[in-house]
Amino acid sequence: MKIHGCIFCQVAAHEKTAKILYEDEHCIAFQDIHPKAPVHLLVIPRKHITSLNDNLDDDKALLGHLMTVVGRMAKEQGIDGTGYRAVINTNAEAGQTVFHLHIHMLGGRILNWPPG
Ligand code: 5GP
Ligand code: ZN
């Protein structure tokens, strides 16, 4: 179900252009428009989920699938050995700006800990 005005629903529906690196019936992975690292991808479900605060009891398999795609993309990008980070920002104080669940996958440089 597509949510009107949601830019990531539009990316998933190919209505908004993005550099898509992987897609299947459940999810899509594409380059972040403002990359914060040499590799910065977003992995999103096709289904509109607002954030981890949604009731996700029926979406456990989907969430697990997203994580497997993050790992697959890290291999494809050649950063599985050097290292990468998967991040889900949730609500304002974490910096969530797009309210369609997305996993940031960042790598290709040394990542500081803790994140800012
Ligand atoms: P958040 O701040 O919600 O965790 O992350 C949203 C991310 O989406 C940001 O890193 C931002 O650069 C990215 N983004 C926002 N709009 C677009 C867009 O239209 N296309 C793509 N590819 N990335 C976007
Ligand atoms: Zn959406």
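Heads up: the structure comes first, above all this text.
Residues numbered from 1 in each chain as written. Chains lettered and ligands numbered in written order. Predicted model: local features only at pLDDT ≥ 70, side-chain atom pairs only at ≥ 80, totals over all residues. Heavy atoms only, no water.

Visitor: What exactly am I supposed to notice about the site of ligand 1 here?
Guide: Around ligand 1 there are 16 residues in total, and K16, D32, G95, T97 and H104 lie nearest to it. A distance of 3.2 Å separates a nitrogen atom of ligand 1 from a polar backbone atom of I33. Interatomic distance of 2.9 Å between a side-chain N/O atom of N89 and an oxygen atom of ligand 1. Coverage of ligand 1 by the protein chains reaches 87% of its 520 Å² of free accessible surface. Those elements that provide at least two residues to the shell around ligand 1 are α1 (7-12) and β2 (27-31). Of the residues contributing to the shell around ligand 1, the split by class is six nonpolar, eight polar and two charged. (Near = heavy atom within 4 Å. Polar contact = N/O pair within 3.5 Å; in protein donor to acceptor, adjacent residues only side chain to side chain. Areas by Shrake-Rupley, 256 points an atom, 1.4 Å probe, with all protein chains shown as cover. Helix = DSSP H or I, 4+ residues; strand = E, 2+ residues; numbered from the N terminus. Nonpolar A, V, L, I, M, F, W, Y, C, P; charged D, E, K, R; others polar.)

Visitor: What's the story with the environment of D24 in this structure? I'm lost.
Guide: Considering the arrangement of structural elements, one finds D24 in the loop between β1 (20-23) and β2. In this structure, the C-alpha to C-alpha distance between D24 and I44, residues 20 residues apart in sequence, is 11 Å. Apart from the residues within four sequence positions on either side, D24 is in contact with R46, H65 and V69. (Contact = heavy atoms within 4.5 Å.)

Visitor: Would you mind going over the packing of aromatic side chains with me for this structure?
Guide: For any pair of aromatic rings, the description rests on two quantities: the centre-to-centre distance and the angle between the ring planes. The full count for this structure, using the stated rule, is one aromatic pair. Here the aromatic rings of F8 and F30 are separated by 5.3 Å at their centres, their planes lie at 80°, and the arrangement is edge-to-face. Here F30 lies in strand β2 and F8 lies in helix α1, a separation of 22 residues in the sequence. The same class applies to F8 as to F30, namely buried. (Phe/Tyr/Trp six-rings, centres within 6.5 Å; stacked < 30°, edge-to-face > 60°. Buried < 20%, exposed > 50% of the residue type's maximum accessible area, 1.4 Å probe, protein only.)

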